[in-house]
2 protein chains.
Amino acid sequence: MKNIPHRIYLTEDQMPKQWYNLRADMKELPDPMLNPQTLKPIAEEDLYPIFCRELAHQELDNTTRYIDIPEEIQDFYKMYRPSPLIRAYELEKALGTPARIYYKFEGNNTSGSHKLNSAVAQVYYAKKQGLTSLTTETGAGQWGTALAEACAFFGLDLTVYMVKGSYDQKPFRKSIIQTFDANVIASPSDTTEAGRRILAENPGTTGSLGCAISEAVEKAVTTPNCRYVLGSVLNQVLLHQSIIGEETIKAMELIDEYPDIVIGCAGGGSNLGGLIGPFMKDKLQGKADPRIIAVEPASCPSLTRGRYAYDFCDTGKITPMARMYTLGSGFIPSPNHAGGLRYHGMSPILSKLYHDGYMEAVSVEQTRVFEAATFFAKKETILPAPESAHAIRAAIDEALKCKETGEAKTILFGLTGTGYFDMTAYSSYHEGTMTDYIPTDADLQRGFDALPVIPGVQE
Amino acid sequence: MKNIPHRIYLTEDQMPKQWYNLRADMKELPDPMLNPQTLKPIAEEDLYPIFCRELAHQELDNTTRYIDIPEEIQDFYKMYRPSPLIRAYELEKALGTPARIYYKFEGNNTSGSHKLNSAVAQVYYAKKQGLTSLTTETGAGQWGTALAEACAFFGLDLTVYMVKGSYDQKPFRKSIIQTFDANVIASPSDTTEAGRRILAENPGTTGSLGCAISEAVEKAVTTPNCRYVLGSVLNQVLLHQSIIGEETIKAMELIDEYPDIVIGCAGGGSNLGGLIGPFMKDKLQGKADPRIIAVEPASCPSLTRGRYAYDFCDTGKITPMARMYTLGSGFIPSPNHAGGLRYHGMSPILSKLYHDGYMEAVSVEQTRVFEAATFFAKKETILPAPESAHAIRAAIDEALKCKETGEAKTILFGLTGTGYFDMTAYSSYHEGTMTDYIPTDADLQRGFDALPVIPGVQE
């Protein structure tokens with residue numbers, strides 16, 4: 001084996017020029033999204049009031065395997081990409097594992113995460129269509145930051161509905177989004193019907209992604225020349241995020257490596273869906289058989305404890321229905337849940353792959369996540385985002401299994417971002433005041449009871 | 001000219017294996033540091049109570065041109081280096097300048113700045129000597145973070161005296177330092193004689209770097225097996241930071257570029273002194289003649305309005321005296337001064353080069369700095385630290401001059417770090433509440449009146 005450097009960067013010439021559409025290689029496709037009024041499979045035109053045309057097309061394109069990345073987006077990518085593939089030499093040494101651990105680090109941009117990969121694409125297409133403003137929601141704040149950056153760059157106005165829990169816990173996240181001239185509103189708010197309804201029902205709520213989505217969608221459809229954009233869950237987002245996996249497999253080829261295990265944190269699935277692309281492709285085509293592991297919080301366990309069912313993507317039930325692993329669109333994680341990964345559902349693509357046995361899922365409690373995060377930070381000198389640290393936890397656990405068995409497996413995980421805006425959570429871990437929360441079966445049942453009834457499909 | 005990529009990374013093999021000691025090429029050396037008791041030039045042994053032996057040696061080594069970087073430090077560097085040299089295509093376009101603008105970006109590590117380059121070196125040598133703990137001060141917080149990272153990695157205890165203004169303004173900076181297990185104390189504090197004295201004289205003070213240094217030095221010399229480390233000003237720090245300039249010139253060679261203008265922000269001089277190394281060498285040897293520009297805050301103008309005189313490096317007057325541009329060791333910037341670059345003096349090496357006409361200096365007001373910072377962030381997608389944004393301001397000003405004259409100059413500046421912990425200052429700029437402060441001549445005279453009297457040297 002070659003002498004492998006700590007950081008493997010592709011040259012600009014080696015950077016992928018196409019996104020990979022995983023759906024084109026799936027044995028069975030995810031069930032179609034349904035129009036919430038007609039309960040029929042949605043058509044591209046049905047999405048035009050919400051999404052700009054090109055994105056509506058990408059959302060429903062199940063067949064085009066590779067899609068050219070427009071040159072303007074490639075140029076933007078070149079400002080912060082390629083992201084490094086990093087060999088975790090010091091982590092390996094500290095664990096005493098024979099495993100070789102690699103991570104694809106997406107945190108070296110001002111949004112602090114991989115979210116910028118899709119933000120720039122969505123803003124570019126909106127601009128191209130002549131739109132003048134966008135709305136979105138943000139949970140942990142990375143998506144809001146990423147989109148604000150992209151909107152500032154392309155000159156579009158932006159309104160961000162920020163989950164109230166994050167808005168209060170992360171004042172500086174709000175500030176950075178404002179620095180990029182976006183309008184930030186704590187959700188639920190009194191600026192929308194959906195927000196007012198939720199506030200009336202539950203005045204003390206810390207909000208949820210589902211609720212913020214409802215508000216952002218309502219705002220978009222009631223504002224001229226405006227559309228809604230979303231940073232996860234959607235097929236289009238996984239498409240844009242495929243840049244992560246495409247870069248990763250090229251970088252691994254340069255060092256003659258291939259992962260035995262691919263690990264990613266999973267909230268809505270944007271990072272994991274992007275990272276696993278080429279490896280899942282190999283698996284679907286029988287060329288390789290890596291284990292693929294989604295890691296989610298025990299406090300928001302959509303894959304490990306959710307139902308595979310049609311559900312709304314938002315609390316206000318105005319978005320199309322998708323079949324996915326879900327905790328019910330009204331599910332709100334406990335207030336002690338730090339950071340992101342708080343969405344009630346999971347990408348329909350990932351849900352289908354998981355349902356069909358191509359993927360594993362594990363859930364972890366947040367104190368174990370922060371234990372892994374601080375251990376990693378001290379060895380690898382990167383302070384990870386809490387979300388990303390879910391993947392670190394699982395990677396460490398797999399590396400320790402290798403230590404027991406003596407197997408020198410190749411472990412790859414996605415380090416989606418940095419934790420600079422999560423110091424409140426880090427401090428509570430450091431001070432020993434962080435607690436764990438695992439929903440009871442009864443908690444979850446309430447979510448399942450609220451799943452929509454669709455005659456002939458889901459009773 | 002070649003097609004120049006946005007980001008130029010050296011490969012691991014191309015990374016410098018030696019630091020460059022600028023003193024070895026200076027026509028005249030800086031005046032020697034003086035022992036504050038004897039008023040005689042200091043000997044290496046005089047420094048042993050404060051610094052570990054190898055660093056004391058480096059501090060006084062004026063002749064060794066290149067010094068091998070120990071392998072352990074090279075390995076640590078490989079975790080976060082090489083840093084990218086970035087072509088600011090979008091900034092150029094937005095300014096409409098014919099100039100080619102490059103920046104060496106040191107912010108892609110968890111300390112958020114170049115400070116880690118010297119932190120790891122200083123901790124490594126301390127560990128090698130068998131020391132068990134270190135003390136330091138931090139202003140804006142980057143140095144404290146960097147040192148905490150390095151101490152956590154090598155297993156040394158650390159106490160950080162953090163300038164009270166920053167401690168209060170940047171609670172999350174404190175948290176991140178604590179995450180790396182360091183003990184953070186707001187300075188001035190009641191834990192040292194120096195701190196108690198300053199608190200008694202001026203109970204409401206927001207502190208100063210000079211004061212925090214006094215406390216950290218006192219703590220180090222009164223604690224067994226402990227030494228003091230400093231993140232700027234010192235010759236040893238400029239030596240370690242030479243990695244920046246060495247990488248930069250190699251990367252520029254790869255694209256057949258050479259700067260006409262080299263710009264860096266200057267507080268104590270650690271970044272600027274590191275960045276300019278090879279270019280200043282060429283200038284001293286008559287091989288090239290780039291303009292070299294130090295940029296400092298109008299609120300703390302040591303080069304542009306200070307005296308070139310012997311002064312103490314700390315408020316408590318317990319450290320050796322150095323001849324440098326200084327505002328007097330009691331100088332404290334106005335409380336509205338955001339971020340770092342708040343030291344009363346300037347690296348003796350840079351002071352001498354400036355005094356002898358090899359360097360220029362400009363001062364800028366902070367609202368103009370934040371104007372440049374937000375403009376840059378929106379175009380280049382990186383949120384700069386306020387300190388770094390001083391260099392951006394000057395680079396933009398030079399690029400706009402090129403626009404007037406039509407000259408296609410090559411401008412290089414050091415982007416020392418990111419601004420994620422400076423959102424209070426960004427918000428105050430955004431909200432229009434940020435103010436500027438320029439000390440009056442009378443303000444400065446008070447500092448000059450307090451300069452030490454050294455019979456026969458400085459009356």
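Relevant structure appears above.
Figured I'd write up the structure that's included with this text. Bear in mind the structure is a predicted one, so any value in this text is a computation, not a measurement.

Topic: the overall build of chain A
Phase 1: In terms of regular secondary structure, chain A is built from 18 helices and 15 strands.
Phase 2: Taking 459 residues into account, the globule formula puts the C-alpha radius of gyration at 23 Å, and chain A, at 20 Å, falls close to it.
Phase 3: When the backbone C-alpha atoms are referred to their principal axes, chain A occupies close to 60 × 50 × 50 Å.
Phase 4: The buried share among the 459 residues of chain A stands at 68%.
Phase 5: Nonlocal contacts in chain A, meaning residues at least 24 apart in sequence, comprise 76% of its contacts between residues at least 6 apart.
Phase 6: Carbon and sulfur atoms make up 49% of the accessible area of chain A, which totals about 14,800 Å².
Phase 7: Placing the 44 positive and 56 negative side-chain charges of chain A at their respective mean positions leaves the two points 2 Å apart.

Observations concerning the packing of helix α6 (residues 142-154) of chain A against helix α8 (residues 171-179) of chain A
All names here are of chain A.
Phase 1: Across the interface, α6 lies against α8 with an axial gap of 8 Å and an inter-helix angle of 15°. Considering the angle they form, α6 stands roughly parallel to α8. When you trace α6 past α8, the crossing you get is left-handed. Side by side, α6 and α8 meet where Gln 142, Gly 144, Thr 145 and Ala 148 of the first sit next to Arg 173, Ile 176 and Ile 177 of the second.
Phase 2: Among the residues forming the contact of α6 with α8, the class breakdown is three nonpolar, three polar and one charged.

Quick look at the interface of chain B and chain A
Phase 1: Taken residue by residue, the interface counts 40 residues in chain B and 40 residues in chain A.
Phase 2: Note on chain B versus chain A: buried area summed over both sides is about 4,200 Å², and carbon and sulfur give 60% of it.
Phase 3: Viewed at the interface, chain A and chain B are joined by two salt bridges.
Phase 4: One salt bridge connects Asp181(B) with Lys378(A), and the closest N-O pair in it is separated by 2.6 Å.
Phase 5: One can count 14 residue pairs in polar contact (both at pLDDT 80 or more) joining chain B with chain A.
Phase 6: When residues of the side of chain B that touches chain A are traced back to their parent elements, those giving at least two are α3 (71-80), α6 (142-154), α8 (171-179), α15 (366-380) and α17 (423-430) of chain B.
Phase 7: Residues of the side of chain B that touches chain A, tallied by class, amount to 17 nonpolar, twelve polar and eleven charged.

What counts and what doesn't
Residues numbered from 1 in each chain as written. Chains lettered and ligands numbered in written order. Predicted model: local features only at pLDDT ≥ 70, side-chain atom pairs only at ≥ 80, totals over all residues. Heavy atoms only, no water. Helix = DSSP H or I, 4+ residues; strand = E, 2+ residues; numbered from the N terminus. Rg over C-alpha atoms; globule rule 2.2 N^0.38 Å. Buried < 20%, exposed > 50% of the residue type's maximum accessible area, 1.4 Å probe, protein only. Contact = heavy atoms within 4.5 Å. Areas by Shrake-Rupley, 256 points an atom, 1.4 Å probe, with all protein chains shown as cover. Lys, Arg positive; Asp, Glu negative; His and termini not counted. Charge placed at Lys NZ, Arg CZ, Asp CG, Glu CD. Axes fitted to C-alpha atoms, helices over the stretch in contact; angles between N-to-C directions. Parallel < 35°, antiparallel > 145°, perpendicular 65-115°, else oblique. Left-handed = near helix turned anticlockwise from the far one by under 90°. Nonpolar A, V, L, I, M, F, W, Y, C, P; charged D, E, K, R; others polar. Buried area = accessible area lost by both parts, 1.4 Å probe. Salt bridge = Lys/Arg side-chain N within 4 Å of Asp/Glu carboxyl O. Polar contact = N/O pair within 3.5 Å; in protein donor to acceptor, adjacent residues only side chain to side chain.

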